[in-house]
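Coordinate analysis (summary)
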Amino acid sequence: MSTLSKKEDIYNMLLKGILIQEGNVWFSIGSNGKRDELISARKFSYKNRLSHKWRSATKSRFHKVAEMLDISNLKIQIKIKPLFFVKHEEIKVENYDEGEKSFSENEVSKKKHYMLSAKEALYESSNVKLFDSIPSTQSRFQEVIELARQQVFHIKCKIESQRLSPDTEYACYLVFKLSENCHGLHCPVIVRDVLQRKNKEKGILYFRSPTPCNVNDTNRVPKEREDIWMEVNVWQFNSSNQLRDDCVSINLKLISYEGTMSGLIVSSLEFRSI
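Residues numbered from 1 in each chain as written. Predicted model: local features only at pLDDT ≥ 70, side-chain atom pairs only at ≥ 80, totals over all residues. Heavy atoms only, no water.

Moving on, we get to the environment of K129. By the secondary structure assignment, K129 is in the loop between α2 (118–122) and β9 (131–135). Under the relative-accessibility criterion, K129 is labelled exposed at 80%. K129 sits 19 residues away from A148 along the chain, and the two C-alpha atoms are 7.8 Å apart. (Helix = DSSP H or I, 4+ residues; strand = E, 2+ residues; numbered from the N terminus. Buried < 20%, exposed > 50% of the residue type's maximum accessible area, 1.4 Å probe, protein only.)

Here the focus is the pairing of strand β11 (residues 152–160). With burial as the criterion, only one face of β11 is covered, namely that bearing F153, I155, C157 and I159; the residues V152, H154, K156, K158 and E160 on the opposite face remain uncovered. When β11 meets strand β18 (residues 247–256), the two strands line up antiparallel, connected through nine bridges. Bridging across to β18, I159 finds its partner in V248. (Pairing = 2+ DSSP bridges.)

The subject of this paragraph is the packing of aromatic side chains. Here the structure, examined in full by the defined rule, presents five aromatic pairs. Here F176 and F207 contribute two aromatic rings whose centre-to-centre distance is 5.2 Å and whose plane-to-plane angle is 80°, an arrangement assigned as edge-to-face. In this pair, F176 sits in strand β12 (residues 169–183) while F207 sits in the loop between β14 (203–205) and β15 (223–224), placing the two residues 31 residues apart along the sequence. Assessed through its relative accessible area of 1%, F176 is described here as buried. Each member of the aromatic cluster is reached from another via a ring pair, and the members are Y114, Y170, W235, F237 and F271. (Phe/Tyr/Trp six-rings, centres within 6.5 Å; stacked < 30°, edge-to-face > 60°.)

Our next topic: the environment of L174. Relative to the assigned elements, L174 resides in strand β12. Distance from L174 to F207, taken between C-alpha atoms, is 9.9 Å for residues 33 residues apart in sequence. When sequence neighbours within four positions are dropped, the list of residues in contact with L174 reads I155, F207, M230, E231, V232, V234, L264, V266, S268 and L269. (Contact = heavy atoms within 4.5 Å.)

The next thing to look at is the side chain of N251. Counting through the fold element by element, N251 comes out in strand β18. Reaching out from N251, the side chain makes a polar contact with the side chain of H154 at a distance of 3.5 Å. Discounting chain neighbours no more than four positions away, the residues touching N251 are H154, I155, K156, R192, D193, V194 and L195. (Polar contact = N/O pair within 3.5 Å; in protein donor to acceptor, adjacent residues only side chain to side chain.)

Purely geometric stuff here, so don't read any function into it on its own.
The following block contains the structure:
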């Protein structure tokens, strides 16, 4: 059985619901990804043990139900803590290519999600002195890259068309964090698409969250992820409109607004449908 089939079976089972914790909790998830937990009456605290009797019930999700004999002073106490955090969107199929690429598919939207390591997206033989390659156990990939002091750096890569969903709007996110000794990353960074030479339009992004009065009409501000990393939207495109030789080519030029910058630690480049 394929990994996808196994994960679909698990998801379908959770949609129907399962008994856990020795039959005292019924857990299920809805089609919208929200989780539901039903607690058996056996988990309640009964101050008066003579106030109820246990009976079997074929129409209940639980094997035993409580018949309350006295409800004149009914008080129920129970402690609840979350058991699972499950979303259908998180059930994915993943493949790895030479340790530098990751592919997955959103099982709800059926849209493809693609990741490149920082080394694959930024590192070239011509600019090895501009980056330090660092082993990492906190990244999806084995190595991350730290930016050495410079005013300009490039994001340059190609993606085969089959890695992306056709005719789909994608956002490209730089996944990063800042070193303790970072420099010059508080100011805006200009983003230019080098491949669109006729289009003089430029974007502005931030690696540190600016104050509201300093935001230059942009939504390209860093956001915290569920892991230890941050991400910022550096580019948006249509997967079919950008095709050249059956590939999507990316060549972005990032320029510090004020002097040089350093201490930017990049984990990966992610492409997600929007």
